[in-house]
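Chain by chain, the residues:
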Amino acid sequence: MHLTALTSIIAIGIASNLDNAGVGIAYGVRRIRIPWPQNLVIAVISFVATLAAGLFGNAVTTWLSPLVANLIGTVVIVCVGVWVLMQPFIAHRAPKPKQKNSSFITDILRNPEAADRNNNQAIGFGEAMILGVALAMNALAGGFDAGITKLDVLWTSVSVGVFSFALLGLAAFSGRRYAAETLGEKATIAAGILLILVGIHQLIPG
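Let us look at the packing of helix H6 (residues 125–135) against helix H7 (residues 137–148). Viewed as axis vectors pointing N to C, H6 and H7 meet at an angle of 45 degrees, and their least axial separation amounts to 4 Å. Between H6 and H7, the angle is such that the two are oblique. Seen from H6, the contacting residues are Val133, Ala134 and Leu135; seen from H7, they are Met137, Asn138 and Ala139. Each residue belonging to the contact of H6 with H7 can be placed in one class, and the counts come to five nonpolar, one polar and no charged.

What follows is the structure in structure tokens.
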């Protein structure tokens, strides 16, 4: 595997999961536990989402030239990066009461403790699946980008799954230990910037 491809795979793995770090910090600060089996469920969901999106991206390239495929991959991942980057600013401007037209997944991303539906200060398996689906949105974009730009889809999926498990667990521990509330929002901003950089990097020849 070329160093450039490996770098892109690792960057997608990190960028797809920096939101996990923000969510983990939010849980840690609020003393909501994420047991490792539930964290593993979330990581597996991200792995499967990335793999499915990557295989779809691979299939799409059958009808596209490499140049067009790269452009599509760049546009998709940059657009997702911009969307992620805007979330903290949207959250600040949004009214506090829950909007009728907002989805449950959007509510979780803006207010992570909403996934703890029974308020027992721990994430159960059912809640982990809901949270996993919400956090897998970035993984879908990363997987599709990997597939359409001919990165190794399996290794990209493994990268996303590993970083999902590691970042969510470490961030929850850090939030609980150091109460670093401000880092949650910064992690989301960093995720958006990194996704945009990955997309731009794909347009550079070589």
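A cluster of nonpolar side chains, contributed by Trp36, Leu40, Val44, Val48 and Phe165, occupies part of the molecular surface with about 480 Å² of accessible area. The element contributing the most residues to the nonpolar patch is helix H3 (residues 36–60), with four residues. Tracing the chain through its elements places Leu40 in helix H3. Relative accessible area serves as the criterion here: at 39%, Leu40 is assigned to the partly exposed category.

Here we come to the confidence of the model for the protein chain. For the protein chain, per-residue confidence averages 79 on the pLDDT scale, and residues scoring 70 or more make up 75% of the total. Here helix H5 (residues 104–110) stands out as the least confident element of the protein chain, with mean pLDDT 57; H3 is the most confident, with 95.

The rules we used
- Here the residue numbering is sequential within each chain, running from 1 through the sequence in written order.
- Whole-chain, interface and lining totals are the exception, using all residues; otherwise, since this is a predicted model, local features are given only for residues with pLDDT of at least 70 and side-chain atom pairs are given and counted only at 80 or more.
- As a rule here, side-chain values cover all heavy atoms of the structure and leave hydrogens and water aside.
- Between N-to-C directions, angles span 0 to 180 degrees; the directions come from axes that are lines fitted to C-alpha atoms, helices contributing only their stretch in contact.
- Put simply, DSSP H or I for four residues or longer makes a helix, DSSP E for two residues or longer makes a strand, and each gets a number counted from the N terminus.
- Should an angle fall under 35 degrees it is taken as roughly parallel, and over 145 as roughly antiparallel, whereas 65 to 115 is taken as roughly perpendicular and any remaining angle as oblique.
- Any pair of residues with heavy atoms lying within 4.5 Å of one another is described as a contacting pair.
- Under the grouping applied here, Gly and all other residues not named as nonpolar or charged are polar, the nonpolar ones being Ala, Val, Leu, Ile, Met, Phe, Trp, Tyr, Cys and Pro and the charged ones Asp, Glu, Lys and Arg.
- Exposure above 30% relative accessible area and the absence of a salt bridge qualify a residue for a patch, where like charges join within 9 Å and nonpolar side chains (Val, Leu, Ile, Met, Phe, Trp, Tyr) within 5 Å.
- Every accessible area reported is derived by Shrake-Rupley at a probe size of 1.4 Å, with residue values counting cover from the shown protein chains alone.
- In the sections that follow, a salt bridge refers to a side-chain nitrogen of Lys or Arg positioned within 4 Å of a carboxyl oxygen of Asp or Glu.
- Categorising residues by exposure relies on relative accessible area from a 1.4 Å probe, with only protein chains included: less than 20% of the type maximum marks a residue as buried, more than 50% marks it as exposed, and the intermediate range marks it as partly exposed.
- The predictor reports its confidence for every residue as pLDDT, a score running from 0 up to 100.

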